[in-house]
Amino acid sequence: MLKVGVLGAGHLGKIHLRLLQQSEKYELVGFYDENHENGEKIAKEFGYKQFHTIATLLHAVDVIDIVTPTLSHYKCAKVAIKSGKHVFIEKPISNSVAEAEEIIALSKEYNIKGQVGHVERFNPAFLATKDLVENPMFIETHRLAEFNPRGTDVPVVLDLMIHDIDVILSVVKSKVKTVNASGVSILSETPDIANARIEFENGCVANLTSSRISLKNMRKTRFFQKDAYISVDFLEKKCEVVKMKDAPENPGDFDMILQNAEGIRKQIYFANPDVSQNNAILDELETFADAINNDTTPVVTLEDGTEALRVAYQIIESSKK
């Protein structure tokens, strides 16, 4: 079993601690939190071992799970990698693309593995449909959340939209051509609502909307491609697949047939992929353990996390114009 330590014991850090303790692929050694008072409270309540310096925690583990505020990701990753430890870094990978690129360079220099916590890649509804997404040409996403003060220290693009950016980049096998965006600050110093249009070199267009001051929660993505429409509800963990094929010469009474102006007839049918319920956070942590143990490429690489961050900043810069 890999010995793992957690940096950061806030809301998400506590979830990681609980899941790592349950995991059969890790041995949870303990955690470090900058707020020693908070750390003592968590250690007392849950029984996790609290370390009082990052150095002593690093010395005791093989893997470091970085669940600190984004501003400190780079600093934490740098010291962990230089200590020869594999790093799991919550999204976004860091506060700037330059920092993220240095994390990549260090990981290669010290020959360690890294994974970024883009958890929607492990959402069961996405897992059930991702192999059906083939060369999508239009993608539409809505990620709406009720207001929560936690996370408002960064723009909504880095807080929420980056999930959808990463998912889109994982299925569109083409480079980004142009980005156009707009954003509005309502309650925060940074944009709370943002809309972005990403055009890819292969002609695919993605339209993304994110809000953290919505009256209801929504996390839906729709993929449109030749002869298929695929809808993924990341919140409800449900999916819908509508496909078209050439209509039979003698359709049945209940077959759904469409005919266009040129007389071409298509049959509509529905596919219902099995959605196997899982714990996405546990899965992302355990696939990282597999990548380390089997010397394979992590599901969400440091490079993936950097590209998502790069596009996020393109969106932020475009929205300022």
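Provided above is the structure to which this section pertains.
Note that the structure is a prediction, hence the values are computed from the model and not measured.

Chemist: What's the story with the nonpolar core in this structure? I'm lost.
Modeler: Most often, soluble globular proteins have nonpolar side chains that are buried together. Of all hydrophobic cores here, the largest spans 88 residues; its most connected members are Tyr26, Val157, Ile165 and Ile315. Excluding residues that lie within four positions of it along the chain, Ile165 makes contacts with Val157, Leu208, Ala308, Val311, Ala312 and Ile315.

Chemist: Just checking my understanding: could you explain the packing of aromatic side chains for this structure?
Modeler: One pair of aromatic rings is described through two measures. These are the centre distance and the angle between the planes. Following the criterion strictly, the structure yields 5 aromatic pairs and no others. When the ring of Phe138 is compared with that of Phe224, the centres are 5.8 Å apart and the planes differ by 40°; the resulting orientation is tilted. Of this pair, Phe138 sits in strand 6 (residues 138-144) while Phe224 sits in strand 10 (residues 218-225); the two residues are 86 residues apart in sequence, bridging distant segments of the chain. Residue classification places Phe224 among the partly exposed residues on the basis of a relative accessible area of 30%. An aromatic cluster is built from Phe138, Phe224 and Tyr229, whose rings are joined through pairwise contacts. Lying over the aromatic face of Phe234, Arg143 brings its terminal NZ or CZ to 5.8 Å of the ring centre.

Chemist: What is the right way to look at the sheet that holds strand 1 (residues 2-7) in this model?
Modeler: Through backbone hydrogen bonds, the strands of a sheet pair up, either in parallel or in antiparallel fashion. Strand order in the open sheet formed by 5 strands is 2-1-3-4-5, and the pairing between neighbours is parallel. Strands with a single pairing partner mark the edges of an open sheet, and in this sheet they are strand 2 (26-32) and strand 5 (114-117). Strand-to-strand twist in this sheet, taken as the mean axis angle between neighbours without regard to direction, amounts to 20°. Judged from the 4 bridges that link them, strand 4 (residues 86-90) and strand 5 form a sheet pairing that is parallel. For Glu90, the partnering residue across the bridge sits in strand 5 and is Gly117.

Chemist: Sorry if this is basic, but what is going on with the state of the cysteines here?
Modeler: Should the sulfur atoms of two cysteines be covalently bonded, the bond is a disulfide. Counting across every chain of the model gives 0 disulfides. With no disulfide of its own, Cys204 lies closest to Cys239 among cysteine sulfurs, the gap being 20 Å. Relative accessible area serves as the criterion here: at 18%, Cys239 is assigned to the buried category.

Scoring rules and cut-offs
- Counting of residues starts from 1 at the beginning of each chain's written sequence and follows it residue by residue.
- Given that this is a predicted model, residues contribute local features only at a pLDDT of at least 70 and side-chain atom pairs are listed and counted only at 80 or more, while totals for whole chains, interfaces and linings are drawn from all residues.
- Values shown for side chains rest on all heavy atoms present in the structure; no hydrogens or waters enter the calculation.
- Buried Ala, Val, Leu, Ile, Met, Phe, Trp, Tyr and Cys residues that are joined via side-chain atoms within 4.5 Å together make up what is termed a nonpolar core.
- Between buried and exposed lies partly exposed: a residue is buried under 20% and exposed over 50% of the maximum accessible area for its type, with that area taken using a 1.4 Å probe on protein chains only.
- Contacts between residues were defined by any pair of non-hydrogen atoms, one from each residue, lying within 4.5 Å.
- Working definition: rings of Phe, Tyr and Trp (its six-membered ring) pair if their centres are within 6.5 Å, and the pair is stacked with planes under 30 degrees apart, edge-to-face with planes over 60 apart, and tilted otherwise.
- Helix and strand assignments come from DSSP, with helices taken as H or I runs of at least 4 residues and strands as E runs of at least 2, each series counted from the N terminus.
- The rule for a charge over a ring is simple: NZ of Lys or CZ of Arg within 6 Å of the ring centre, and within 35 degrees of the ring normal.
- Following DSSP output, two strands are said to pair if at least two bridges run between them.
- Every angle, taken between N-to-C directions, lies between 0 and 180 degrees, and every axis is a line fitted to C-alpha atoms, over only the stretch in contact when it is a helix.
- Cysteine sulfur atoms that pair up within 2.5 Å are treated as a disulfide.

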